[in-house]
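Geometric and topological summary
Chain by chain, the residues run as shown.
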2 protein chains.
Amino acid sequence: MKKIIGDPPDCDAPDTGKGRRGFLKQGAALVTGAASASLVQGANAQGLAGQPWERVYGAGFTGYGQPSRFEQPVMRHMRRAYGDLAPGSGSALAPIESLEGIITPSGLHNIRSHSGTPDIDPKEHQLLLHGLVQRPLKFSMEALWSYPMTTRTHFVECSGNSAAALAPQPAQVPAGAMHGNIACSEWTGVPLRMLLEEAGLLPQARWLLAEGADSAHMSRSIPVEKALDDALIALYQNGERLRPEQGYPVRLLLPGFEGNMNVKWLRRLKVTEEPTYTKDETSKYTDLQPDGRALQFTFEMGVKSVITRPSSTMKLPRTGFYEISGIAWSGAGRIRRVEVSTDGGATWAEAALTGEERPKALVRFRLPWEWTGREAVLQSRATDEKGRRQPVRKAWLAQYSPAMVYHNNSIVSWAVGADGSVKNVYV
Amino acid sequence: MKKIIGDPPDCDAPDTGKGRRGFLKQGAALVTGAASASLVQGANAQGLAGQPWERVYGAGFTGYGQPSRFEQPVMRHMRRAYGDLAPGSGSALAPIESLEGIITPSGLHNIRSHSGTPDIDPKEHQLLLHGLVQRPLKFSMEALWSYPMTTRTHFVECSGNSAAALAPQPAQVPAGAMHGNIACSEWTGVPLRMLLEEAGLLPQARWLLAEGADSAHMSRSIPVEKALDDALIALYQNGERLRPEQGYPVRLLLPGFEGNMNVKWLRRLKVTEEPTYTKDETSKYTDLQPDGRALQFTFEMGVKSVITRPSSTMKLPRTGFYEISGIAWSGAGRIRRVEVSTDGGATWAEAALTGEERPKALVRFRLPWEWTGREAVLQSRATDEKGRRQPVRKAWLAQYSPAMVYHNNSIVSWAVGADGSVKNVYV
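Residues numbered from 1 in each chain as written. Chains lettered and ligands numbered in written order. Predicted model: local features only at pLDDT ≥ 70, side-chain atom pairs only at ≥ 80, totals over all residues.

A short note on the overall build of chain A
For chain A, the count of helices and strands is seven helices and 25 strands. A total of 427 residues make up chain A; the buried ones form 55% of that total. (Helix = DSSP H or I, 4+ residues; strand = E, 2+ residues; numbered from the N terminus. Buried ≥ 20, exposed ≤ 12 C-beta atoms within 10 Å, placed from the backbone.)

Here it is, written out as structure tokens:
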């Protein structure tokens, strides 16, 4: 009696339908219907209970709105490195298991900070551009507003995202607590190239030191090629001024590069001939090799994906139709394809994508799936426009020392039990 | 010494440069530089004052972030129809003069409500689909989550937006207080078509009654063609669940149609043969003609644009380079072109666009401009893919009774005085 209608219309990302139909054939699952609507006897509004909120005048307008009180459990997952001793050091991860679409709400954007969130007065804050330039310049925030701006959608991922998935035993925590050190926003700001050309780079200019105004003076060395390519001096996030935890009033945005290089609360850019080898890029953010040596300056984040629904700690309430939904991204450019497996990688089907026209941004992938009640292992595997594809966990591990904690882009596996419970597993 | 670098890179919206260069020629304005950076003597960090926030440990992480305290003045403009008597009746407008990019932050999304914001428990809320269908259906929110979802970016504009710009004298208020009854979000939800096909439309089905769960039971009649085209049962806004003021836990989204038809807190869809002629579509939301008759069911919002920076009540602090920035949209589809004039419509130049690939969504337009210190009148004029173009104010007024307050999409004019002050004017 019930049937699944064809693919939904999607103007942002026209769906050829190829992937979905392919999956249904391959997976031997026949989607027979969205099983959870109730049939109503009779055909009038008596089928609806009158609710208390229909009988009282509602709340007044607010100058700045907030989520419903019923959504209060949806908050960032805290990974405070020193607990209450230093409540702004460590990470706060986006609850990707509760989110949909591509944009991450600014209130739930992931955070990685080294000495808390500074309370910066934008009237007092300045950005210095100096070093190997013809004309050292200093910009007030007012001055930056006079420059031409650009708007683009990009993800920011901490290079330590998914480090929790390297633990010896798979943690039974929500997807965001392991893989949520990523978020995606619409950023607006001034192309860094414009400021560098105004200052006039000297011939020996090869690197920039980017320094934050937090009390850690978090600092990284940036290749001048990246600064001249798609780097932004970002002032706006999702339409409004940056949030404090994302660098208010101004941050560096290096699309696709590891999160910590997108220096927040940016106070200084110094043009240099060599990398500065700051504390932040020598004491950490290096890739420990099997032979004990550390590889430095792995800037670009790898191609990656994770299924967010269903995911770890959830429970499927019944057999029948579900939509598998997740996010994919690549620091190298656009996502070309996301494949989904429900049998632990034995067979794969191509998912429908939304947002795949945007480079270095999250993409939403979706695939219909009928759960028959049998055990299943759900996986996703993204491929980017450079042809790079996510490795399986074992292949990723073989590249590094067991102590390596950065750039884990290996395939994530969720096991669905016969009781509908979804668990994090290593496959 | 200073010069403007070429057009900024913009991957979302490649800029041919044609518009900008054309404007510079036409406007006889030569962009000579972003005039407000300061030259620094010497080339070291001594050029920066050490600020107090660099010397103290910053704030700890928050589960759900908020804007900086320095941004508190950025809030919605209230137009409460009955003041404190009914604080949730009327409108709250987006402060478009303070925003950039395309996405409106959910906390600043425009609101139009008739009896306040209901406090709905999603576990208790249901959506009834009945009337001329084979199978009346009732959906819990849990049930809706099982359906395939679609993500798209769309504006929602109140049909009364810009009514304030019909006052006999031009109000000297910020742009958002006149033209901010619009916002743009990334919406995720279930295509309404899927639910209608599951219920099975009877042959005589032509209209839907959509009814909200607020105490006004706000109701509108929707053509079934629209419901089967791009209508969404929206559950998510900018990545998270809908905000209460935008219809939590579920709203109807009718891309491009007047805001009030996008029924919030949706509790009921009844399929009918004729329009229901509800109180909300007969007592208001009709177009008063010069002969005193009222034209009913003007659903689609017209092609429109407004310059947000600089705009009314702002002041240019100095002569020199500025970027003119604004938003454009059309209920009929994509924006094809936005032209900008700085001489009250005598000459026009084409602006660069961001986001113009998305139908029925805000587009950001930008154009460089050098203010020489002379009086200027800034205007923008949008054209959509159907070839429709914004009318001048007089032509728009001539179409209607003087009492008409809806669908004002006429060209907006900002006058720049010799002292740099920007004023709302009628041209």
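Some points on the domain arrangement of chain A
All names here are of chain A. Each assigned domain of chain A is listed with its residue range as follows: domain 1 (18-25 + 300-425) and domain 2 (126-286). Using C-alpha coordinates to define each centre, domain 1 is positioned 29 Å away from domain 2. Every contact between the two is made by 22 residues of domain 1 and, on the other side, 23 residues of domain 2. When residues of the side of domain 1 that touches domain 2 are traced back to their parent elements, those giving at least two are strand S17 (304-309) and strand S25 (422-425). When residues of the side of domain 1 that touches domain 2 are assigned to their parent elements, the largest contribution, three residues, is made by S25. Of the residues in the side of domain 1 that touches domain 2, the class split is 10 nonpolar, eight polar and four charged. (Domains from an automatic or database assignment. Contact = placed C-beta atoms within 7 Å. Nonpolar A, V, L, I, M, F, W, Y, C, P; charged D, E, K, R; others polar.)

What to know about the interface of chain B and chain A
Where interface size is quoted, it is often the accessible area lost as the parts come together. In this assembly, 117 residues from chain B lie in contact with 117 residues from chain A. Across the side of chain B that touches chain A, the residue classes tally to 53 nonpolar, 32 polar and 32 charged.

Notes on the relation of the copies chain B and chain A
Mapping chain B onto chain A leaves a residual RMSD of 0.0 Å; the transformation is a rotation of 180 degrees accompanied by 0.0 Å of translation along its axis. The transformation relating the two chain copies, once decomposed into turn and shift, fits a two-fold axis. Within chain B, the C-alpha atom positioned nearest to the axis of rotation is that of Pro105(B), 4.0 Å from it. (Least-squares fit on C-alpha atoms with pLDDT ≥ 70 in both.)

As for the sheet that holds strand S22 (residues 363-371) of chain A
Adjacent strands of a sheet form backbone hydrogen bonds with each other and so pair up, either parallel or antiparallel. All names here are of chain A. Strand order across the open sheet formed by four strands is S17-S18-S22-S21, with antiparallel pairing between neighbours. On the outer flanks of this sheet lie S17 and strand S21 (352-354), each paired with one strand and no other. Each adjacent strand pair in this sheet contributes to an overall mean axis angle of 30 degrees, direction not counted. Across five bridges, S17 lies against strand S18 (residues 320-329) in antiparallel orientation. Paired with Ile307 across the bridge in S18 is Gly326. (Pairing = 2+ DSSP bridges. Axes fitted to C-alpha atoms, helices over the stretch in contact; angles between N-to-C directions.)

Examining the sheet that holds strand S19 (residues 335-341) of chain B
Residue and element names in this part refer to chain B. Read across the open sheet, the five strands follow the order S20-S19-S23-S24-S25; overall the sheet is antiparallel. Taken across any chain shown, the strands that pair with only one partner, and hence form the sheet edges, are strand S20 (349-350) and strand S25 (422-425). Note: S19 against S20, two bridges, orientation antiparallel. Directly across from Val340, in S20, lies its bridge partner Ala349.

Quick look at the environment of Glu370(A)
Residue and element names in this part refer to chain A. With respect to the helices, strands and loops of the structure, Glu370 is situated in strand S22. According to the C-beta neighbour criterion, Glu370 is partly exposed, with 19 such atoms within 10 Å. The spatial distance from the C-alpha of Glu370 to the C-alpha of Gly88 is 43 Å, given a sequence separation of 282 residues.

Describing unusual backbone geometry
In this structure, Pro310(A) follows Arg309(A) across a cis peptide bond, with omega equal to -5 degrees. Assignment of secondary structure puts Pro310(A) in the loop between S17 and S18. Looking along the chain, the bond that leaves Tyr248(B) and enters Pro249(B) is cis, with omega of 5 degrees. Of note, Pro249(B) is situated in the loop between strand S12 (240-241) and strand S13 (251-253). Phi is positive for Tyr277(B), close to 50 degrees, though the residue is something other than glycine. By the element assignment, Tyr277(B) lies in the loop between strand S14 (266-272) and helix H6 (279-282). On the basis of neighbour counts, which here come to 12 C-beta atoms within 10 Å, the residue Tyr277(B) falls in the exposed class.

What to know about helix H4 (residues 192-199) of chain A
All names here are of chain A. Burial within H4 is extensive, with six of its eight residues counted as buried. For H4, the set of buried residues is Leu192, Met194, Leu195, Leu196, Glu198 and Ala199. Those residues of H4 that are buried lie in contact with strand S5 (126-131), strand S6 (137-140), strand S8 (182-191), helix H5 (224-228) and strand S11 (232-237).

Describing the pairing of S22(A)
All names here are of chain A. When you tally the buried positions in S22, you get seven out of nine residues, the bulk of the element. Where S18 and S22 come together, nine bridges link them in antiparallel fashion. By the bridge assignment, Glu323 is partnered in S22 with Pro368. Sheet analysis places S21 next to S22, joined by three bridges and oriented antiparallel. Within the sheet, the bridge partner assigned to Leu353 lies in S22 and is Phe365.

Looking at the environment of Leu232(B)
Residues and elements named next belong to chain B. With respect to the helices, strands and loops of the structure, Leu232 is situated in strand S11 (residues 232-237). Distance from Leu232 to Trp187, taken between C-alpha atoms, is 8.5 Å for residues 45 residues apart in sequence. The residues touching Leu232, leaving out its near neighbours within four places in the chain, are Thr150, Trp187, Gly189, Val190, Pro191, Leu192 and Leu253.

Quick notes on helix H4 (residues 192-199) of chain B
Helical geometry note: an α-helix holds 3.6 residues per turn, so side chains three or four residues apart project in the same direction. The inward-facing, buried residues of H4(B) contact strand S5 (126-131), strand S6 (137-140), strand S8 (182-191), helix H5 (224-228) and S11 of chain B. Just beyond H4(B), the residue with positive phi is Gly200(B), at close to 85 degrees.

Some details on the pairing of S14(B)
Residues in a regular strand project their side chains so that they alternate between the two faces of the sheet. Residue and element names in this part refer to chain B. Among the seven residues of S14, six are classified as buried, and the element is accordingly described as predominantly covered. Bridge count between S5 and S14: four bridges; the pairing is parallel. Opposite His130, over in S14, you have Lys270 as the bridge partner. As paired elements, strand S9 (residues 207-212) and S14 share six bridges and run antiparallel to each other. Bridged to Trp207 within S14 is Thr272.

Details of the confidence of the model for chain A
All names here are of chain A. Averaged over all residues, the pLDDT of chain A equals 90, while 89% of them reach at least 70. Below pLDDT 50 for its whole length, residues 1-35 participates in 81 contacts with residues either more than four positions away or in separate chains. Quick note on the complex model: pTM equals 0.92, ipTM equals 0.91. (pLDDT = per-residue confidence, 0-100.)

Examining the environment of Asp229(B)
All names here are of chain B. With respect to the helices and strands, Asp229 occurs in the loop between H5 and S11. For Asp229, a count of 14 C-beta atoms within 10 Å puts it in the partly exposed group. Distance from Asp229 to Leu192, taken between C-alpha atoms, is 8.4 Å for residues 37 residues apart in sequence.

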